[in-house]
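What follows is each chain in one-letter form.
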Amino acid sequence: MGDPDVLEMVQQEERRGSRDTDYVFEMSEPSLGSRETSLLISEERSFKKHKQSKDSIFFRDGIRQIDFVLSYVDDVKKDADLKAERRKEFEYNLRKTGLELEIEDKMNSEDGRTYFVKIHAPWEVLATYAEVLGIKMPIKESDIPRPEKIPFSYMLGPLKLPRNVKHPHPEYFTAQFTRHRQELFLIDDKSSFFPSSSRNRIVYYILSRCPFGVEEGKKKFGIERLLTSHIYSSAYPLHDGQYWKPSEPPHPVNERYMLCQNWARFSYFYKEQPLDLIRNYYGEKIGIYFVFLGFYTEMLLFAAVVGLACFIYGLLSMHGSSRSAEICDPETGGQMIMCPLCDLVCDFWRLNSTCLASKVSHLFDNESTVFFAIFMGIWVTLFLEFWKQRQARLEYEWDLVDFEEEQQQLQLRPEFEAMCKHRKMNPVTKELEPHMPLYRRVPWYFLSGATVTLWMALVIASMVAVIVYRLSVFATFASFMESEASLKHVKSVLTPQITTSLTGSCLNFIVILILNFFYEKISAWITKMEIPRTYQEYESSLTLKMFLFQFVNFYSSCFYVAFFKGKFVGYPGEYTYLFNVWRSEECDPGGCLIELTTQLTIIMTGKQIFGNIKEAIYPFILNWWRRRKARTNSEKLYSRWEQDHDLESFGSLGLFYEYLETVIQFGFVTLFVASFPLAPLLALLNNTIEIRVDAWKLTTQYRRPVAAKAHSIGVWQDILYGMAVLSVASNAFIVAFTSDIIPRLVYYYAYSTNTSEPLKGYVNNSLSVFLIADFPNYTVPSERRDFTTCRYRDYRYPPDHDQKYAHNMQYWHVLAAKMTFIIVMEHIVFLVKFLLAWMIPDVPKDVVERIKREKLMTVKILHDFELNKLKENLQMDSNEFAKEVMIQENKVQLAKSTI
């Protein structure tokens, strides 16, 4: 048990109304109690291995539960004495707070080198800090029934989990825990009253604020600083037990085993997630991520079905496409001589050589493209509005309605407190708090902004390099395929355009991964150097840097193909040149949409496959290597703390990268979905696997993360809203300027003269004529030809017109139609979005009623408790008691009226 003198001082300090969270660590050194002295003596004694269970999560007495573990290795370097002194001071201060420590000698570890410090938080410490952190605990079992089953829910039976897994605990009315009202709470057993997630959260709160010395007038504190300086090698809470078998009595229920059996199995990919169990074991912050990922995956199912239907429509109508038929027709496309696609090396070519490409292009560029673009604009709105409802319901179910971010995210970071020499009066609390003057931060802000700008410029430069690669290699592919007789049968499938696009996309994907790897390291370092004040500021700063970079890194090539490629090429004889050397890229005669589809498919699919392999294989290999170095394996390791020690650390930013990966995928699904209706289906398949991969690695390959609270997905929700708005504009522009649908509609309604087949003759109409004699000598092949003109994709006057090669009237008609379509589509989608956002409430009506009911019942329970306590303790006469009853009843009535 912790020193009672220390806890009494804590209680006295709290009663005086102090809000200084590190008051415990500044107290004078107390004398050690007799029990603690005997514990320190027992730590020096060795014990027999065979008497300790392999999977024990208790101290040697088998009673006190291990809440946290620290490990370190003896260091023989010159600073070994300093490290030992800081460890001694840190552990001594931990004992001063009331925590109990038990040290495992290195001789008892498998490698013979590692010391383990086991930490137990006794009841007094848990009760004190539960009140400090505002942890809510049950006061009465809830009488509010769970939501009724939805209609036809029996059809979803195979997708459901057993009730004891889905809802492992009954629902309760709760209140913030306070030591002075312990009788109010449902405390059957003090040792198990606080769940393990709350226990490790409380211990980590103490560890992160415990001092270990003073250097240059600054107080040094916090376990993170000790880990950074390698004074300790690791700090982690223990898993409940082994994931492949349940715990045996007297150990508590092994929730890790339950999660592994009902969540982390790939054969359960079709089942719902045990969300309450995840929250109980890992905390709300990790739990809400899996709620979001599961909800997003469910919503993707509707988009995937509609996208697949649009793809099937394109597949069925492919052979009936008049444009493909004209291109493939030897009498039409076979007679159209196209101008060379590059200077000197490239030869004239016939349009029907792109027959296969035109058919594939029709799969994604057809009448359903417009419908799907509008549908996805509405789907994004429904997804975000229904997520707000799901989040509100979750806040009620997980008791986060009154959760204040200040309790955790707005606490000062220990690193900030350690670096601050100045103090400033807080206008709210009227207390002195650490303060960092702006002039000390400004240089780092400038460095941060310059670094982010530099790396984004580097991404643009790498994209330009890939464009140069495509331009320079295209001519090589063209001449090689023309001269190589063995490639005659392949030319119909792999044209120079397709070959260049595929290799360029693959090269671009590799560059993206390389740049991303280095930028992650740099952005984390720069964010630390900015010395953010709170954890929320740190995460927001890092999120902004990483998202801006990854947005540019992953999407820049897609934006180039969608909005720039083929738009500024000029025309034969007056082509534009990149750096006055390479001729600008042209689109396929069928448009650039198929190239955008190729680019999107390679980057999106490649990122998802690479991410899943990395997430599954990387921790598995690292853990295998650690076990190999220890010449053992996880089943033979001696102790629970050593088994967890050899696992990979999830890290404080582990969840951040999971969110970032999901948001980047959301961008692929929404920003460019008009060019690739199968994107939602690919995302659905990936997320179905992703959920189980994340569950498997968290349950089996990673140490247990420290539990943390959160009531939302935070800043990511604002990013999703921004991308949703941007997606409407990007898809409208893709349909208008990248797809071929608008020029076909203009021809259909304004220029077609064939009433029976209105689109017949469209290909010929969309290609302009150029006189070969007008080519500059240095751009055209030198061989003589038996034709005098060639065709190119544009709307320009022919060579015999007065305004030779100038844009004709049809060009302006098409441009006007494109701009009109963009304006109309954006207004329609935004109008529907605003109507849906207005019609769908942020908090469902039944949740509002449940919250009101719970608040009313909590007030009533507290009132009855205080009234009974008053009746027992004050011993008033009847008149005084009646007055007090009236006062308390008035308070209840006032609470009812406000609710």
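About the criteria used
- Sequence order sets the numbering: in each chain, residues are counted from 1 along the sequence as written.
- With the structure being a predicted model, the display of local features is reserved for residues of pLDDT at least 70 and the display and counting of side-chain atom pairs for 80 or more, all residues being used for whole-chain, interface and lining totals.
- With hydrogens and water excluded, all non-hydrogen atoms of the structure serve as input to the side-chain values.
- Secondary structure follows DSSP: runs of H or I at least 4 residues long count as helices, runs of E at least 2 residues long count as strands, and numbering of each begins at the N terminus.
- Exposed residues in this analysis have more than 50% of their type's maximum accessible area, buried residues have under 20%, and partly exposed residues fall in between, with area computed by a 1.4 Å probe over protein chains only.
- Any two residues whose heavy atoms approach within 4.5 Å at even a single point are treated as in contact.
- Per-residue accessibility takes into account occlusion by the displayed protein chains alone, with areas from the Shrake-Rupley method and a 1.4 Å probe.
- Here a polar contact means two N or O atoms within 3.5 Å. Within protein one must be a hydrogen donor candidate and the other an acceptor candidate, and residues neighboring in sequence count only if both atoms are side-chain atoms.
- Only buried residues count toward a nonpolar core, which is a set of Ala, Val, Leu, Ile, Met, Phe, Trp, Tyr and Cys residues joined through side-chain atoms within 4.5 Å.
- Residue-level confidence of the predictor, termed pLDDT, takes values from 0 up to 100.
- Cysteine sulfur atoms that come within 2.5 Å of each other are treated as a disulfide pair.
- Strand pairing follows a simple DSSP-based rule, namely that at least 2 bridges must link the two strands.
- Axis geometry follows a simple rule: fit a line to the C-alpha atoms, using only the stretch in contact for helices, then measure angles between N-to-C directions, giving values from 0 to 180 degrees.
- By convention in these notes, a salt bridge is any Lys or Arg side-chain nitrogen within 4 Å of a carboxyl oxygen on Asp or Glu.
- Buriedness for pockets is judged along seven lines, at least five of which must meet protein on both sides within 12 Å for an open set on the 1 Å grid over protein atoms alone, while cavities are sets there where a 1.4 Å probe fits but cannot get out, and lining residues have an atom within 4 Å of a point.
- Grid points are joined across faces, edges and corners, and a volume is the space filled by probe spheres set on the points.
- Classification convention: Asp, Glu, Lys, Arg as charged; Ala, Val, Leu, Ile, Met, Phe, Trp, Tyr, Cys, Pro as nonpolar; all other residues, Gly among them, as polar.
- By definition here, a helix of n residues has an expected span of 1.5 Å times n minus one.
- Any pair of Phe, Tyr and Trp rings, taking the six-membered ring for Trp, is counted once the centres come within 6.5 Å. Such a pair is stacked with planes under 30 degrees apart, edge-to-face with planes over 60 apart, and tilted for the rest.

A.B. asks: I'd love a proper account of the overall build of the protein chain, names of residues and values included.
C.D. replies: In terms of regular secondary structure, the protein chain is built from 28 helices and 18 strands. Within the protein chain, buried positions represent 53% of all 899 residues. Relative to all contacts within the protein chain whose residues are 6 or more apart in sequence, the contacts with residues 24 or more apart total 77%. Surface accessibility of the protein chain: about 42,700 Å² in total, with carbon and sulfur atoms responsible for 60%.

A.B. asks: Lay out the side chain of Thr97 with the relevant residues and their values.
C.D. replies: By the secondary structure assignment, Thr97 is in the loop between helix H3 (80-96) and strand S2 (100-104). Reaching out from Thr97, the side chain makes a polar contact with the backbone oxygen of Leu94 at a distance of 2.5 Å.

A.B. asks: Kindly report on the nonpolar core, identifying the contributing residues and their values.
C.D. replies: The biggest cluster of nonpolar side chains holds 129 residues, and the ones touching the most others in it are Trp263, Trp379, Phe383 and Tyr555. A total of 16 residues in this core trace back to one element, the largest contributor, which is helix H11 (residues 284-316). Residue contacts for Trp379: discarding those within four places in its chain leaves Tyr296, Met299, Leu300, Ala303, Phe666 and Thr670. Within the second largest apolar cluster, 47 residues are counted, among which are Phe68, Leu70, Cys210 and Tyr396.

A.B. asks: How would you summarise the confidence of the model for the protein chain if you had to cite specific residues and measurements?
C.D. replies: Close inspection of predicted coordinates is inappropriate in any region flagged by low pLDDT. Here the protein chain shows a mean pLDDT of 82. Residues at 70 or above account for 84%. Every residue in residues 1-11 scores below 50 in pLDDT, and together they form 26 contacts with partners more than four places removed in sequence or on other chains.

A.B. asks: Could you give me a rundown of unusual backbone geometry, with the residues and numbers involved?
C.D. replies: A positive phi angle is found at Asp399, which is not glycine, with a value near 60 degrees. Mapped onto the elements of the fold, Asp399 is located in the loop between helix H14 (368-397) and helix H15 (414-419). Overall, Asp399 belongs to the buried group, its relative accessible area being 16%. A positive phi angle, close to 65 degrees, is found at Tyr805, a residue other than glycine. For Tyr805, the location among the structural elements is in the loop between strand S18 (789-793) and helix H26 (809-839). Classification of Tyr805 as buried rests on a relative accessible area of 5%.

A.B. asks: How would you sum up the state of the cysteines? Please name residues and give values.
C.D. replies: Under the counting rule described, the total for this entry stands at 3 disulfides. Here Cys328 connects covalently by a disulfide to Cys355, the sulfurs 1.9 Å from one another. Residues Cys328 and Cys355 share a disulfide whose torsion about the S-S bond is about 100 degrees; that sign makes it right-handed. Separated by 27 residues along the polypeptide, Cys328 in helix H12 (residues 322-328) and Cys355 in helix H13 (residues 355-364) bring together distant segments of the chain. Residue pairing for Cys342: its cysteine sulfur links by disulfide to Cys346, the two sulfurs lying 1.6 Å apart.

A.B. asks: Hey, could you go over the sheet that holds strand S3 (residues 114-120) for me, with residue numbers and the actual values?
C.D. replies: Pairing is antiparallel in the open sheet, where 4 strands are placed in the order S2-S3-S1-S8. The sheet terminates laterally at S2 and strand S8 (234-236), the two strands that pair on one side only. Mean inter-strand twist for the sheet, computed between neighbouring axes without regard to direction, equals 15 degrees. Along the sheet face, H3 touches strand S1 (68-73), S2 and S3 and points at about 145 degrees away from the line of S2. Helix H7 (residues 196-207) rests against S1 and S3 of the sheet, and its axis sits at about 45 degrees to S1.

A.B. asks: With reference to specific residues and values, describe the pattern of salt bridges.
C.D. replies: Per the stated rule, a full pass over the model turns up 36 salt bridges. Here Glu272 and Lys166 are joined by a salt bridge, their closest N and O atoms 3.6 Å apart. Residue Glu272 is located in the loop between helix H9 (255-262) and helix H10 (275-282), and its partner Lys166 is located in helix H5 (residues 163-166); the two are separated by 106 residues in the primary sequence. Residue class for Lys166 comes out partly exposed when judged on its relative accessible area of 26%.

A.B. asks: So what's going on with the pairing of S2? Residues and values would help.
C.D. replies: The buried count for S2 comes to 5 of 5 residues, which makes it a mostly enclosed element. Residues Glu100, Glu102 and Glu104 of S2 are buried on one face, and the alternating residues Leu101 and Ile103, pointing to the opposite face, are buried as well. Where S2 and S3 come together, 5 bridges link them in antiparallel fashion. Paired with Leu101 across the bridge in S3 is Ile119.

A.B. asks: A description of empty space enclosed by the protein should follow, citing residues and the corresponding values.
C.D. replies: Going through the model one piece at a time under the given rule, you end up with 12 cavities of 30 Å³ or more. Of the voids in this model, the largest cavity is the one considered here, and its volume is about 100 Å³. For the largest cavity, the full set of lining residues is Leu293, Met604, Lys607, Gln608, Glu661, Thr662, Ile664, Gln665, Phe668, Asn686, Asn687 and Glu690. Where the lining of the largest cavity is concerned, the elements lending two or more residues are helix H19 (593-629), helix H21 (654-671) and helix H22 (679-701). Per-element accounting of the lining of the largest cavity gives the leading share, 5 residues, to H21. Of the residues that constitute the lining of the largest cavity, the class distribution is 4 nonpolar, 5 polar and 3 charged.

A.B. asks: Residue-level account of the environment of Leu835, with values.
C.D. replies: By the element assignment, Leu835 lies in helix H26. The exposure class assigned to Leu835 is partly exposed, which follows from its relative accessible area of 42%. C-alpha separation for the pair Leu835 and Thr381, spaced 454 residues apart in sequence, amounts to 9.9 Å.

A.B. asks: Pulling in residues and values, what's your account of H3?
C.D. replies: Its 17 residues place the ends of H3 24 Å apart at the C-alpha level, agreeing with the 24 Å of an ideal helix rising 1.5 Å per residue. Residues of H3 that are buried include every one of Ala80, Lys83, Arg86, Arg87, Phe90, Glu91, Asn93, Leu94, Arg95 and Lys96, and no others. Taken from the residues just after H3, Gly98 is the one with a positive phi, measuring 110 degrees.

A.B. asks: Let's hear about the packing of aromatic side chains: which residues, and what values?
C.D. replies: Following the criterion strictly, the structure yields 62 aromatic pairs and no others. Note on Phe177 and Phe194: the rings are 5.4 Å apart at their centroids and 75 degrees apart in plane angle, and the pair reads as edge-to-face. On the criterion of sequence distance, the pair formed by Phe177 in the loop between strand S5 (172-176) and helix H6 (190-193) and Phe194 in the loop between H6 and H7 is long-range, its members being 17 residues apart. Assigned by exposure class, Phe177 and Phe194 land together as buried. For the ring pair Phe193 and Phe194, a centre distance of 5.0 Å and an interplane angle of 75 degrees mean the geometry is edge-to-face. Take Phe193 and Phe194: they sit in the same class, and that class is buried.

A.B. asks: Can you tell me about the environment of Ala562, naming the residues and giving the values?
C.D. replies: By the element assignment, Ala562 lies in helix H18 (residues 535-563). Look at Ala562 and you get buried, because its relative accessible area is 0%. In this structure, the C-alpha to C-alpha distance between Ala562 and Cys592, residues 30 residues apart in sequence, is 7.1 Å. For Ala562, the contacting residues outside a window of four places in its chain are Lys567, Leu596, Ile734 and Thr738.

A.B. asks: Mind laying out the packing of H14 against H21, listing which residues take part and the relevant values?
C.D. replies: The N-to-C vectors of H14 and H21 enclose an angle of 145 degrees; their axes lie 10 Å apart at closest approach. Contact residues: Met376, Trp379, Val380 and Phe383 in H14; Phe666, Val669 and Thr670 in H21. Class assignment for the residues of the contact of H14 with H21 results in 6 nonpolar, 1 polar and no charged.

A.B. asks: Lay out the side chain of Asn553 in plain terms, naming residues and giving numbers.
C.D. replies: Relative to the assigned elements, Asn553 resides in helix H18. Here Asn553 is in contact with Val459, Ile512, Leu515 and Asn516, once residues within four sequence places are set aside.

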